[in-house]
Amino acid sequence: MMTKNIMIVGVGGQGTLIASRILGGLAMRKGYDVKLSEVHGMAQRGGSVVTFVRYGDEVAEPIVEPGCADVLIAFERLEAKRYAHFLKKDGVVIVNDQRIDPMPVVIGAAEYPEGILEELGKTHTVYAIDAMTEAKKLGNPKCFNVIVLGMAAKHMDYTEEDWHSVIAQVVKPQFVELNQKAFDLGYRS
C-alpha cells in the first residue's frame with residue numbers, strides 16, 4: 001500500500017490529538033506502519049494544533065509535506081483554509097463548519113474571512129458538517145470531533161466495526177457509547 005497522509009487540524013481543546021490517536025490506532029490494528037506527529041501551537045490559548053497521521057507498508061517519517069496530504073480533517077473553517085496548501089491536487093477536505101475567532105479577530109486587529117468553504121471548494125473536494133450542533137443534540141458538545149471523524153471515515157478503507165472497536169480502546173470507558181454514536185452520526189451524514 002502506498003503511504004496515506006492525513007492531517008488533522010483544529011484549535012486547542014478541540015480534540016485533534018484524540019482523533020489522531022483513534023485513526024493511528026485503527027491503521028496499526030490493520031497491520032500498517034504508522035507514524036504520528038503532533039504539533040502544538042498555543043494550544044492552551046486557542047491556537048492551532050496540527051497532527052499528522054501517516055500509514056502504509058513502510059513509513060519513513062511522521063511529517064506530511066505541503067502538497068502531499070490525501071485528506072485534511074479540519075475542526076474549524078479557518079484552520080481548513082490555513083492548512084489547505086498541504087493537500088494534494090485531488091485531496092479531500094472534511095471540515096466542521098464552525099467559526100472560532102482567533103485572537104487577532106477577537107481584539108479587532110483582523111477580520112474573519114468570509115466564504116472559506118466556497119473558496120476551498122474551487123480547488124478541492126469539500127465535505128462540511130455542523131458537527132457542534134449535532135454533538136449538542138447528542139448531549140455532549142465535546143464529541144463533535146468524532147462526528148467529523150465519522151464523516152471522514154466514509155472516505156477511508158475501514159469498516160464501521162473497526163472504528164467502533166478502536167474508539168472503545170482509545171476513549172475513556174464512560175464515553176465509549178457516546179463517541180460511537182457520534183461516529184455513526186458523522187458516518188451516515
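These remarks concern the structure in this document. Treat the numbers as computed from the prediction; the structure is a model and nothing was measured.

1. Thoughts on the overall build of the chain
(1) Moving on: Counting its regular elements, the chain contains 8 helices and 6 strands.
(2) Moving on: Reading the chain from its N terminus to its C terminus gives the helix and strand order β-α-β-β-β-α-β-α-α-β-α-α-α-α.
(3) Moving on: Compactness check: the chain gives a C-alpha radius of gyration of 16 Å against a globular reference of 16 Å for 189 residues, within 12% of the reference.
(4) Moving on: Across its three principal directions, the C-alpha atoms of the chain cover 50 × 40 × 30 Å.
(5) Moving on: Buried residues in the chain amount to 49% of all 189 residues.
(6) Moving on: Expressed as a percentage of contacts within the chain between residues at least 6 apart in sequence, the contacts between residues at least 24 apart total 61%.
(7) Moving on: If you sum the accessible surface of the chain, you get close to 9,300 Å²; carbon and sulfur atoms cover 52% of it.
(8) Moving on: Between the centroid of the 21 positive side chains of the chain and the centroid of its 24 negative side chains there is a distance of 3 Å.

2. Here we look at helix H5 (residues 131–138)
(1) Moving on: Three or more residues of H5 are buried, namely Ala131, Met132 and Ala135. Looking straight down H5, one finds its buried side chains confined to an arc of 95°; they lie on one side. The exposed residues of H5 that point more than 90 degrees off its buried face are Lys136 and Lys137.
(2) Moving on: On its buried face, H5 is in contact with strand S5 (87–96), strand S6 (125–129) and helix H6 (144–153).
(3) Moving on: Just past H5, the residue Gly139 takes up positive phi, approximately 100°.

3. Some words on the packing of H6 against helix H8 (residues 176–188)
(1) Moving on: One can describe the packing of H6 onto H8 by two numbers: an axis separation of 6 Å at closest approach and a directional angle of 45°. By the angle class used here, H6 and H8 are oblique. For H6 against H8, the interelement crossing comes out right-handed. Within the contact between the two elements, H6 uses Val146, Ile147, Leu149, Gly150, Met151 and Ala153 and H8 uses Asn179, Ala182, Phe183, Leu185, Gly186 and Tyr187.
(2) Moving on: Taken together, the residues of the contact of H6 with H8 break down into 9 nonpolar, 3 polar and no charged.

4. Quick look at the environment of Lys142
(1) Moving on: Within the element layout of this structure, Lys142 appears in the loop between H5 and H6.
(2) Moving on: As for Lys142 and Met132, which are separated by 10 residues in sequence, their C-alpha atoms are 8.1 Å apart.

5. Quick notes on the environment of Gly139
(1) Moving on: For Gly139, the position within the fold is in the loop between H5 and H6.
(2) Moving on: Sequence-wise, Gly139 and Arg82 are 57 residues apart; in three dimensions their C-alpha atoms are separated by 30 Å.

6. Some remarks on H6
(1) Moving on: Where burial is concerned, most of H6 is hidden: 10 out of the 10 residues are buried.
(2) Moving on: Three or more residues of H6 are buried, namely Phe144, Asn145, Val146, Ile147, Val148, Leu149, Gly150, Met151, Ala152 and Ala153.

Criteria and thresholds
- Residues numbered from 1 in each chain as written.
- Predicted model: local features only at pLDDT ≥ 70, side-chain atom pairs only at ≥ 80, totals over all residues.
- Heavy atoms only, no water.
- Helix = DSSP H or I, 4+ residues; strand = E, 2+ residues; numbered from the N terminus.
- Rg over C-alpha atoms; globule rule 2.2 N^0.38 Å.
- Buried < 20%, exposed > 50% of the residue type's maximum accessible area, 1.4 Å probe, protein only.
- Contact = heavy atoms within 4.5 Å.
- Areas by Shrake-Rupley, 256 points an atom, 1.4 Å probe, with all protein chains shown as cover.
- Lys, Arg positive; Asp, Glu negative; His and termini not counted.
- Charge placed at Lys NZ, Arg CZ, Asp CG, Glu CD.
- Arc of directions from axis to C-beta.
- Axes fitted to C-alpha atoms, helices over the stretch in contact; angles between N-to-C directions.
- Parallel < 35°, antiparallel > 145°, perpendicular 65-115°, else oblique.
- Left-handed = near helix turned anticlockwise from the far one by under 90°.
- Nonpolar A, V, L, I, M, F, W, Y, C, P; charged D, E, K, R; others polar.

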